[in-house]
Amino acid sequence: MVPVARRDELYRRLEAALADPGQASAFESLGGDSYTDDRAPRYRSALKSWFKRHTGKPATFSEHLELSETLFNRGLYFDTHEHLESVWRKSGGLERLALQGLIQLAAAFHKLELEPTALEGALYLLEKGLEKARACEALLGFDIAEGLALDLQPVQLALKAGHFSLMDVPPLRWTED
């Protein structure tokens, strides 16, 4: 079970750490519940990776994509969703559609965190997210859109078969290296 209040608090800490790198230490002394104990190392890893290449918050569309990919690949699906949604609200055109697709991908896996038996809902979000990514090949690049589809194909099959574990989420790439 995901403790929603704690989840939201951790996201606020992430945003504070991105705005002020000195706040990243806020993830060093967390603890007290299994959810936080599981998440704290993921946040530390994501922030360490981010601050190796950047000095603060993402400022460009590609930086927002890079950060969200970093969060996603550490299993921080809610944070990926929230971060992309904050960018999506201010975007338009193809960027908005691409962001919506990536938000849906993250939401599919967060849905399974909240309710592990919600396989149909997760599959729906995954398929809709992939449709949007494919529609945005001009922005994301053909290799990225096609790579997402290929990487997520086993996930789709497992969801359809009714046996999927979040341990089986593959690392995804939606930015150029």
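Residue numbers here run from 1 along each chain, matching the order of that chain's written sequence. pLDDT decides what is reported in this predicted model: residues at 70 or higher carry local features, side-chain atom pairs at 80 or more are listed and counted, and totals for whole chains, interfaces and linings draw on all residues regardless. Values shown for side chains rest on all heavy atoms present in the structure; no hydrogens or waters enter the calculation.

Asks: Can you help me understand the packing of aromatic side chains in this one?
Replies: Stacked, tilted and edge-to-face are the three classes assigned to paired rings of Phe, Tyr and Trp, where Trp is represented by its six-membered ring and a pair needs centres within 6.5 Å; plane angles under 30 degrees give stacked, over 60 edge-to-face, the rest tilted. If you walk through the whole model with that rule in mind, you get seven aromatic pairs. Between the aromatic rings of F72 and W174, the centroid separation amounts to 5.3 Å while the plane-to-plane angle is 65 degrees, which identifies the pairing as edge-to-face. In this pair, F72 is assigned in helix 3 (residues 61–72) and W174 in the segment after helix 8 (142–161), connecting sequence segments 102 residues apart. With respect to class, F72 is no different from W174; both count as buried. Here F109 and F164 contribute two aromatic rings whose centre-to-centre distance is 6.2 Å and whose plane-to-plane angle is 40 degrees, an arrangement assigned as tilted. Separated by 55 residues along the polypeptide, F109 in helix 5 (residues 93–114) and F164 in the segment after helix 8 bring together distant segments of the chain. F164 carries the same exposure label as F109, and that label is buried. Aromatic ring contacts, followed pair by pair, group F72, Y77, F109, F164 and W174 into a single cluster. Comment: the charge-over-ring label is applied if NZ (Lys) or CZ (Arg) is within 6 Å of the ring centre and within 35 degrees of the ring normal. Between the NZ or CZ atom of R96 and the centre of the ring of W88, over which it lies, the distance is 3.9 Å. Elements are defined by DSSP. Helices are runs of H or I of four residues or more, strands are runs of E of two residues or more, and each kind is numbered from the N terminus. Only protein chains enter the area calculation, which uses a 1.4 Å probe; residues under 20% of their type maximum are buried, those over 50% are exposed, and those in between are partly exposed.

Asks: How do you make sense of helix 8 when you look at a structure like this?
Replies: Within an α-helix, residues lying three or four positions from one another point in the same direction, as the helix has 3.6 residues per turn. Taking 1.5 Å per residue, 20 residues should reach 28 Å; helix 8 reaches 28 Å between its end C-alpha atoms and fits that length. Along helix 8, the sharpest kink reaches roughly 40 degrees, centred on L152 and followed within four residues by the proline P154. Contacts are residue-level and defined by heavy atoms, with any inter-residue pair within 4.5 Å sufficient. On the buried face of helix 8, the contacting elements are helix 5, helix 6 (119–135) and helix 7 (137–140). Of the residues flanking the end of helix 8, it is G162, one or two places downstream, whose phi is positive at about 85 degrees. Each residue after the first adds 1.5 Å to the expected span of a helix. By definition, a residue's bend is the angle between the axes fitted to the seven residues ending there and the seven starting there.

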